[in-house]
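What follows is the residue order along each chain.
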Amino acid sequence: MRIDKELKRRLEGRSLYWLAKQSKVSYMTVWRTAKGSEPSLTTVQKLATALGCQPGDLLVRVEQKARKK
């Protein structure tokens with residue numbers, strides 16, 4: 001997810017802690033999501049609302065390797 005990038009672009013000087021307070025999502029969930037953990041759709045919606053953007057602005061497609069059978 002692009003949380004750090006959108007936070008910096010839209011609200012220069014704000015921290016992940018600020019985002020957690022604004023979105024009412026726990027700091028650990030925000031931190032984990034910013035570091036690459038897969039968030040729930042509810043979390044994405046709350047973060048997007050707090051940042052004033054669309055959920056798609058936060059998402060990045062990541063190719064996964066095909067499983068070997």
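Reading the values: the criteria
Residues numbered from 1 in each chain as written. Predicted model: local features only at pLDDT ≥ 70, side-chain atom pairs only at ≥ 80, totals over all residues. Heavy atoms only, no water. Helix = DSSP H or I, 4+ residues; strand = E, 2+ residues; numbered from the N terminus. Buried < 20%, exposed > 50% of the residue type's maximum accessible area, 1.4 Å probe, protein only. Contact = heavy atoms within 4.5 Å. Areas by Shrake-Rupley, 256 points an atom, 1.4 Å probe, with all protein chains shown as cover. Lys, Arg positive; Asp, Glu negative; His and termini not counted. Charge placed at Lys NZ, Arg CZ, Asp CG, Glu CD. Axes fitted to C-alpha atoms, helices over the stretch in contact; angles between N-to-C directions. Parallel < 35°, antiparallel > 145°, perpendicular 65-115°, else oblique. Left-handed = near helix turned anticlockwise from the far one by under 90°. Nonpolar A, V, L, I, M, F, W, Y, C, P; charged D, E, K, R; others polar. Core = buried A, V, L, I, M, F, W, Y, C linked by side-chain atoms within 4.5 Å. 1 Å grid on protein atoms, 1.4 Å probe; cavity = no way out; pocket = protein on both sides within 12 Å on 5 of 7 lines; lining within 4 Å. Points joined across faces, edges and corners; volume = space filled by probe spheres on them. Polar contact = N/O pair within 3.5 Å; in protein donor to acceptor, adjacent residues only side chain to side chain.

Here we take up the overall build of the chain. When helices and strands are tallied, the chain shows five helices and zero strands. Start at the N end of the chain and walk to the C end: the helices and strands fall as α-α-α-α-α. Its C-alpha atoms give the chain principal-axis dimensions of roughly 45 × 20 × 20 Å. With 69 residues in all, the chain has 29% of them scored as buried. In the chain, the share of contacts with a sequence separation of at least 24, taken over all contacts with a separation of at least 6, comes to 49%. About 5,500 Å² of surface is accessible on the chain, with carbon and sulfur atoms providing 50% of the total. Computing the positive centroid from 16 side-chain charges and the negative centroid from 6, the chain places the two 5 Å apart.

This next bit is on the packing of helix α2 (residues 16-23) against helix α3 (residues 27-34). Their axes nearest at 9 Å, the elements α2 and α3 cross at an angle of 125°. In terms of their interaxial angle, α2 and α3 are classed as oblique. In this structure, α2 crosses over α3, and the sense of that crossing is right-handed. Facing α2, whose interface residues are Leu16, Tyr17, Leu19, Ala20 and Ser23, α3 presents Tyr27, Val30, Trp31 and Ala34. For the contact of α2 with α3, the class distribution of residues is eight nonpolar, one polar and no charged.

Judged by nonpolar contacts, the single largest core of 15 residues is most densely connected at Ile3, Leu16, Leu19, Val30, Leu47, Leu51 and Leu58. For this core, the elements supplying multiple residues, two or more each, are α1 (3-10), α2, α3 and α4 (41-51). Those residues within four positions of Leu58 in sequence are excluded, and the remaining contacts are Met1, Arg2, Ile3, Glu6, Val44, Leu47, Ala48, Leu51 and Cys53.

Unfilled space is identified by rolling a water-sized probe across the atoms. Taken as a whole, the largest pocket spans an internal volume of roughly 300 Å³. If you go around the largest pocket, the residues you meet are Met1, Gly36, Ser37, Glu38, Pro39, Ser40, Leu41, Val44, Leu59, Val60, Val62 and Gln64. Class assignment for the residues of the lining of the largest pocket results in seven nonpolar, four polar and one charged.

Our next topic: the side chain of Ser23. Relative to the assigned elements, Ser23 resides in helix α2. For Ser23, a relative accessible area of 6% translates into the label buried. Among the polar contacts made by the side chain of Ser23, one reaches the main-chain carbonyl oxygen of Leu19 at a distance of 2.7 Å.

Phi is mostly negative for residues that are not glycine, and the peptide bonds are mostly trans. In the Ramachandran plot, Lys24 falls in the positive-phi region, its phi being about 60° despite a non-glycine side chain. Residue Lys24 is classed as exposed on the basis of its relative accessible area of 71%.

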